[in-house]
Amino acid sequence: TLTYMMQTAEGATSEKVDFKIPMPCSSFVFPMPITSTNFADLLASGELCDAKSIKLPRAKTPDFATALTAICNNLHLAFVEILEDSASLHGCSIQQQHVCMLVKETPDRAGVSVNCKSSDASLASNIIDEIRSFV
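Attention here is on the structure that accompanies the text.

About the cut-offs
Residues numbered from 1 in each chain as written. Predicted model: local features only at pLDDT ≥ 70, side-chain atom pairs only at ≥ 80, totals over all residues. Heavy atoms only, no water. Salt bridge = Lys/Arg side-chain N within 4 Å of Asp/Glu carboxyl O. Helix = DSSP H or I, 4+ residues; strand = E, 2+ residues; numbered from the N terminus. Buried < 20%, exposed > 50% of the residue type's maximum accessible area, 1.4 Å probe, protein only. Contact = heavy atoms within 4.5 Å. Polar contact = N/O pair within 3.5 Å; in protein donor to acceptor, adjacent residues only side chain to side chain.

Tallied over the entire structure, the rule returns 2 salt bridges. A salt bridge links Arg109 to Glu105, with the shortest nitrogen-to-oxygen separation between them at 2.6 Å. For Asp129, the salt bridge goes to Arg132, with nearest N and O atoms at 2.6 Å. Pair noted here: Asp129 and Arg132 are both in helix α3 (residues 121-134), with a separation of 3 residues, about one helical turn. In this structure Arg132 comes out as partly exposed when scored by relative accessible area, which is 43%.

In structure tokens, the structure reads:
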């Protein structure tokens, strides 16, 4: 709620305006460089929740590199490792919750699959939902 005062010749009046600012959860994620060894250790540590995943058909992802760039840039993730048909990404929320992602081209090259793990289950779920909105 925004409250403001308006001064007129007759006097001052107070007004309120209710509004919402939708902010995607990725607004609170920043790229966090990590070595591939530390990334593997984090995945094996048991600290992360079950993976949330999505498969994006080729119609939504012109090619693997385009999809990967869009995911990395929009979600504020750092590259951990890039191979020919897959990439590992990592970031942290402002609450120090890890976001670990594996992006792979599907075996039939018909699209891209994304698996996301996080220290917080709702963060992983919201990140996957966010991918649907821009890829």
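The residue Gln96 is not glycine, and still its phi comes out positive at about 65°. The topology assignment puts Gln96 in the loop between β6 (86-93) and β7 (98-105). Among the residues examined, Gln96 registers a relative accessible area of 52% and is labelled exposed. With phi around 60°, Arg109 is a residue other than glycine that occupies positive phi space. Among the structural elements, Arg109 can be located in the loop between β7 and β8 (111-118).

With that settled, consider the environment of Leu2. Within the secondary structure layout, Leu2 lies in strand β1 (residues 2-8). With a relative accessible area of 44%, Leu2 lands in the partly exposed category. Sequence separation of Leu2 and Glu15 is 13 residues, and the distance between their C-alpha atoms is 8.3 Å. Once you skip the residues sitting within four places of it in the chain, Leu2 turns out to touch Glu15, Lys16, Val17 and Phe19.

Let us now look at the side chain of Ser26. As for its placement among the helices and strands, Ser26 is situated in the loop between β2 (11-17) and β3 (29-31). A distance of 3.4 Å separates a polar side-chain atom of Ser26 from the backbone oxygen of Asn74. If sequence neighbours within four positions are ignored, Ser26 has contacts with Asn74, Leu75, His76, Ile127 and Glu130.

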